[in-house]
Amino acid sequence: MLMLLDTPSLYFRAYYGVPESMTAPDGMPVNAVRGLIDMIATLVRQHSPAELVACMDADWRPAFRVAAIPTYKAHRVATGNEEEVPDTLVPQVPVIEAVLDALGIARIGVAGYEADDVIGTLATRASGAVDIVTGDRDLFQLVDDAKPCRALYTVRGIRNLQVVDEAFVAQKYGIPGRTYADFATLRGDPSDGLPGVAGIGEKTAAALITRFGSLSALLTALDEGVTDGFPAGARAKLLAARDYLAVAPAVVEVAPDAPVPDVDLTCPAKPRDPEGLVALADRYGLDGPLNRLLSALADR
């Protein structure tokens, strides 16, 4: 089984879930680092992945998405194109990257793409089962019972993951199990600056996707003048948003074909750089969580 980690989602969760009183010997907060290491240890122990990838944001707000919808994540911009990140989290990210590298856990980011796109591409390429660990509902679009590909959703914590498959999506949102991206395009997502179709909420979006089967089929019906199957007032709202609907799928859908390099994804049994890992453990006070992760990796 291939396990894909939505690493930014996980280290943000760790940052807010572990007290900043967890510090390195020099006083630097390492709550996100320690929390992420313990999360990975729990995942390895509970799921024993044969392959494990820490997927990264090489670009948290890719130009191709901003060109299509300028409001995309605009409310989270600090300055220029830099993401607004807590001051005490910023210096922890390079430490996380160094720890992953010393452990030998594959860490992949691709210039011009988000972690979601790395996940989407690796999930598409995979020949066997895939588990995606994330706190981001956008990745529900990748669930596929035939593969199988599931999302392990962190909303209830890393020890109590919500398993998201096609049946979960259908039950939760009232849509066919593989149509989450189409549904999200209509509904919009304020947390990502995606406006959706004005006046179309979750229930109407679900009804439209269920009736027509996909956003593509819905737009074809709209453009061909079909009137049957549209809830009252919905057709006019969709026509008014036709320009948005033409570009939004490229923003909402994760890339299935990002130029992800071919690297060894094997979950390591022992660290790639033991001396480097010891140095990191000493400098940042990571002995406890690293020993737990090393034990989980060795026992897998």
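The structure presented is a predicted model; accordingly, all values stated were derived computationally and were not measured.

**Q** How should I be thinking about the packing of helix α4 (residues 92-103) against helix α12 (residues 274-284) in this particular structure?
**A** Any two packed helices are characterised by how steeply their axes cross, that is the angle between the axes, and by the distance between the axes. Contact geometry of α4 with α12 gives a least axis separation of 9 Å together with a crossing angle of 150°. Once α4 is placed against α12, the crossing between them reads as left-handed. Counted together, Val-95, Ala-98, Val-99, Ala-102 and Leu-103 of α4 and Gly-276, Leu-277, Leu-280 and Tyr-284 of α12 form the full contact between these two elements. By residue class, the composition of the contact of α4 with α12 is eight nonpolar, one polar and no charged.

**Q** Could you clarify how one ought to interpret unusual backbone geometry in this entry?
**A** With glycine set apart, most residues show a phi of negative sign, and most peptide bonds adopt trans. The linkage connecting Lys-147 with the following residue, Pro-148, adopts the cis geometry, with an omega of -5°. Here Pro-148 shows up in the loop between β4 (130-134) and β5 (149-153). In this structure, Ser-48 takes a positive phi of about 45° despite not being glycine. For Lys-73, which is not a glycine, the phi torsion comes out positive at approximately 55°.

**Q** I would appreciate a short explanation of the packing of aromatic side chains in the present structure.
**A** Within a pair of aromatic rings, the relevant descriptors are the distance that separates the centres and the angle that separates the planes. Summed over all chains, the structure comprises 10 aromatic pairs. Residues Tyr-11 and Phe-12 carry aromatic rings whose centres are separated by 5.7 Å and whose planes lie at 25° to one another, so their mutual orientation is stacked. Judged by relative accessible area, Phe-12 falls into the partly exposed class, the value being 21%. Taking the centre distance of 5.8 Å and the plane angle of 50° together, the rings of Phe-64 and Tyr-113 count as tilted.

**Q** Sorry if this is basic, but what is going on with the nonpolar core here?
**A** The nonpolar side chains of soluble globular proteins are, as a tendency, buried together. Counting 44 residues, the largest nonpolar core has Ile-40 and Val-99 as the members making the most contacts within it. Residue assignment for this core shows that the elements contributing at least two residues are β1 (2-6), α1 (7-17), α2 (31-47), β2 (51-55), α4, α12 and α13 (287-299). Listed in part, the 38 residues of the second largest apolar core include Tyr-72, Val-164, Phe-183 and Ala-234.

**Q** Would you mind showing me how to read the pairing of β5 here?
**A** Regular strands show a simple pattern: their side chains alternate between the two faces of the sheet. In terms of residue burial, β5 counts as a mostly covered element, since four of its five residues are buried. Strand direction decides the pairing type here: β4 and β5, joined by five bridges, are parallel. The residue bridging Val-133 from the neighbouring strand is Leu-152, located in β5. Direction of pairing for β5 relative to strand β6 (residues 162-164): antiparallel, over a ladder of three bridges. Opposite Leu-152, over in β6, you have Val-163 as the bridge partner.

Quick notes on the rules
Residues numbered from 1 in each chain as written. Predicted model: local features only at pLDDT ≥ 70, side-chain atom pairs only at ≥ 80, totals over all residues. Heavy atoms only, no water. Axes fitted to C-alpha atoms, helices over the stretch in contact; angles between N-to-C directions. Helix = DSSP H or I, 4+ residues; strand = E, 2+ residues; numbered from the N terminus. Left-handed = near helix turned anticlockwise from the far one by under 90°. Contact = heavy atoms within 4.5 Å. Nonpolar A, V, L, I, M, F, W, Y, C, P; charged D, E, K, R; others polar. Phe/Tyr/Trp six-rings, centres within 6.5 Å; stacked < 30°, edge-to-face > 60°. Buried < 20%, exposed > 50% of the residue type's maximum accessible area, 1.4 Å probe, protein only. Core = buried A, V, L, I, M, F, W, Y, C linked by side-chain atoms within 4.5 Å. Pairing = 2+ DSSP bridges.

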